Amino acid sequence: MNKLIESLQQLGLTSYEAKVLIALTRYGSGNVADIHALSGIPRSAVYGVLTKLNDKGIIETQNTKPMRYRALAPAQVIDRLKVNYENAVETSLEQLEKIYHAPDTSVEEDGVWNISGVKNVTDKIVQMLDSAKEEIILASTYPSLDKATETYPVMDIISTKIQEKIDEGLKVKVTISEHQARSDYRGGKKSIHGAEVKVYSTDDSSHPLKGGIIVIDDKELLIITVKDEVTPPNLIATWYNGKEQVSIFRHFIEVEWNASRPLEY
């Protein structure tokens, strides 16, 4: 019985509603006193539960004195609950999407989130790129990040998204490593048309970050770290949305940018 109650709750009924429905299904029909006795729920709650079940369209009311109630056939009950559930899912999704995509007019608190796994990190990068309105800065000067992008085809979507944003008129600045310049960008193999690209000269041992940094509109930032001691390499990332935090990391990116040379294709 408990399993049935739990299943009905997953379809949108409360515990009391499930117990009343089960009682009416088992005994056919009953008045308020009967339902109280058969279901075991408080008599004071019976009227409210019956009203809700009636609104859900899964019981019928007989206008007698006292009034009597009966449940629809099980197949009809489940069909109606499925329709109600699907409608609730669609409405919830629609409303959540509106909230998610609505312009942010509130004062947002500074946030820091950790993200793990190639798919999760890639999804976050794509989400950030989609939200960009003015400028994208990408510093990916550590060679192991190249290994990750070569290993996981899902990351190809990042270059595609960046190109889409350039085509929309956004400013994009990219800092790459000597390794990337030699193997990928020379000859236009992985060139991003319209981006300003510079090459940072350094050896692997002296580079402070095993990964890369993405800055979006000076409002959010993602630090990506490559765990290249495992095979295949994995990604972890930390996301910041506080302006003060972003400005600190932006300073180091600008230092690297100023110390870099323009890419020669």
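Before going into details, it helps to say that this report is about the structure given with it. As the structure is a prediction and not an experimental result, all values here were calculated from the model.

## A word on the packing of aromatic side chains
Enumeration over the complete set of coordinates arrives at one aromatic pair. A ring pair is formed by Y240 and F249, whose centres lie 5.3 Å apart and whose planes are at 40°; its orientation type is tilted. We classify Y240 as buried; its relative accessible area is 16%. Over the face of the ring belonging to W239 we find K124, whose NZ or CZ atom lies 4.3 Å from the ring centre. One Lys or Arg, K173, reaches over the ring of W257 and ends 4.7 Å from the middle of that ring.

## Remarks on helix α6 (residues 118-131)
Given 3.6 residues per turn, any residue in an α-helix points the same way as the ones three and four places further on. Look at α6: 20 Å from first C-alpha to last across 14 residues, which is about the 20 Å you get at 1.5 Å a residue. Every buried residue belonging to α6 is among V118, V121, T122, K124, I125, V126, M128 and L129, and all of these are buried. On its buried side, α6 packs onto β3 (112-116), β4 (135-140), α8 (156-167), β7 (211-216), β8 (220-227) and β9 (234-240).

## Thoughts on the sheet that holds β4
Strand order in the open sheet made by the eight strands is β3-β9-β8-β7-β4-β5-β6-β10, with mixed pairing throughout. Of all strands in the sheet, those with a lone pairing partner are β3 and β10 (261-262), marking the two edges. Where β4 lies against strand β5 (residues 171-177), six bridges are found, and the strand directions are parallel. Residue I137 lies in a different strand from β5, and its bridge partner there is K173. Sitting on the sheet, α6 is in contact with β3, β4, β7, β8 and β9, with an inclination near 155° to β8.

## Brief notes about the pattern of salt bridges
Enumeration over the complete set of coordinates arrives at 12 salt bridges. Here K119 ties to D123 by a salt bridge, and the two come within 2.7 Å at their closest N and O atoms. Note that K119 and D123 are positioned in helix α6 at a spacing of four residues, about one turn of the helix. The exposure class assigned to D123 is partly exposed, which follows from its relative accessible area of 36%. Put simply, D218 and R250 hold a salt bridge, and the shortest N to O gap is 2.4 Å. You can see D218 sitting in the loop between β7 and β8 and its partner R250 sitting in helix α10 (residues 243-258), a full 32 residues away along the chain. The class of R250 is buried, set by a relative accessible area of 14%. A cluster of three or more residues bridged by salt bridges with shared partners is formed by E135, K173, D218, R250 and E254.

Analysis parameters
Residues numbered from 1 in each chain as written. Predicted model: local features only at pLDDT ≥ 70, side-chain atom pairs only at ≥ 80, totals over all residues. Heavy atoms only, no water. Phe/Tyr/Trp six-rings, centres within 6.5 Å; stacked < 30°, edge-to-face > 60°. Buried < 20%, exposed > 50% of the residue type's maximum accessible area, 1.4 Å probe, protein only. Lys NZ or Arg CZ within 6 Å of the ring centre and 35° of its normal. Helix = DSSP H or I, 4+ residues; strand = E, 2+ residues; numbered from the N terminus. Expected span 1.5 Å × (residues − 1). Contact = heavy atoms within 4.5 Å. Pairing = 2+ DSSP bridges. Axes fitted to C-alpha atoms, helices over the stretch in contact; angles between N-to-C directions. Salt bridge = Lys/Arg side-chain N within 4 Å of Asp/Glu carboxyl O.

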